[in-house]
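If you want the building blocks of each chain, they are given just below.
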Amino acid sequence: MERLELHIDGMHCGSCAVGIQMLTSQMDGVKSSEVSYDKKVGTFEFDSSKTNKEQIIKAIEELGYKAS
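Only a predicted model underlies this, so the values are computations on that prediction, with no experimental measurement involved. Here, residues in each chain are numbered from 1, in the same order as that chain's written sequence. Only residues with pLDDT of at least 70 get local features here, since the model is predicted, and only at 80 or more are side-chain atom pairs given and counted; chain-wide, interface and lining totals rely on the full set of residues. Side-chain calculation: all heavy atoms of the structure are included, whereas hydrogens and water are not.

### Notes on the nonpolar core
Counting residues in hydrophobic clusters, the biggest one holds 17 residues, and the most contacted among them are Leu6, Ile8, Met11, Ile56 and Ile60. Secondary structure elements follow DSSP: runs of H or I of four or more residues count as helices, runs of E of two or more count as strands, with numbering from the N terminus. At the level of elements, strand E1 (2-9), helix H1 (14-25), strand E2 (30-36), strand E3 (41-46) and helix H2 (53-62) are the ones that each hand at least two residues to this core. Those residues within four positions of isoleucine 8 in sequence are excluded, and the remaining contacts are Ile20, Val35, Lys40, Val41, Gly42, Phe44, Ile60, Tyr65 and Lys66. As used here, the term nonpolar core means buried Ala, Val, Leu, Ile, Met, Phe, Trp, Tyr and Cys residues forming a set that is joined through side-chain atoms within 4.5 Å. Accessible area is worked out with a 1.4 Å probe on protein chains only. A residue is then buried under 20% of its type maximum, exposed over 50%, and partly exposed in between. Only heavy atoms enter the contact rule, under which two residues are in contact if any of them lie within 4.5 Å.

Below is the structure:
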């Protein structure tokens, strides 16, 4: 298991955070996904044999947010 913490720009409300959390939690290999609108941070635990940090970042950016 790996842990990834990302700063996420572009969230405008709590619904943005919920949308990111829902999308990433459904990704194969992602075991947990927590996104805080207030802190502009997402924390993800994932199985690196099934996904990687680049795929998680790409999924978030495809929703229209900037993850770093």
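### Brief notes about H1
A helix is expected to reach a length of 1.5 Å times the quantity of its residues less one. Over its twelve residues, H1 extends 16 Å from the first C-alpha to the last, a length consistent with the 16 Å expected when each residue adds 1.5 Å. Buried residues of H1: Cys16, Ala17, Ile20 and Thr24, and no others. Taken down its axis, H1 places every buried residue within 100 degrees of arc, on the same side. Taken together, the buried residues of H1 touch E1, E2, E3 and H2. Regarding the arc, it is the one traced by the directions from the helix axis to the C-beta atoms.

### Things to note about H2
Listed as buried for H2 are Ile56, Ala59 and Ile60. Buried residues along H2 cover an arc of 95 degrees about the axis, so they all sit on one side. Those residues of H2 that are exposed and angled more than 90 degrees off the buried face are Lys58 and Glu62. Contact partners of the buried residues in H2: E1, H1, E2, E3 and strand E4 (66-67). Here a polar contact means two N or O atoms within 3.5 Å. Within protein one must be a hydrogen donor candidate and the other an acceptor candidate, and residues neighboring in sequence count only if both atoms are side-chain atoms. For H2, the N-terminal cap is asparagine 52; the gap from its side-chain oxygen to the backbone nitrogen of glutamate 54 is 3.0 Å. After H2 finishes, the residue glycine 64 shows a positive phi value of roughly 105 degrees.

### Things to note about unusual backbone geometry
Here the phi dihedral of lysine 40 falls at roughly 60 degrees; this positive angle occurs in a residue that is not glycine. Turning to its location among the elements, lysine 40 is positioned in the loop between E2 and E3.

### Considerations on the environment of glutamate 61
On the secondary structure map, glutamate 61 appears in helix H2. Overall, glutamate 61 belongs to the partly exposed group, its relative accessible area being 35%. Spatially, the C-alpha atom of glutamate 61 lies 9.3 Å from that of isoleucine 8, the residues being 53 residues apart in sequence. Other than its neighbours up to four places away in sequence, glutamate 61 contacts Lys66 and Ala67. Among the polar contacts listed, one links the side chain of glutamate 61 to the backbone nitrogen of alanine 67, at a separation of 3.4 Å.

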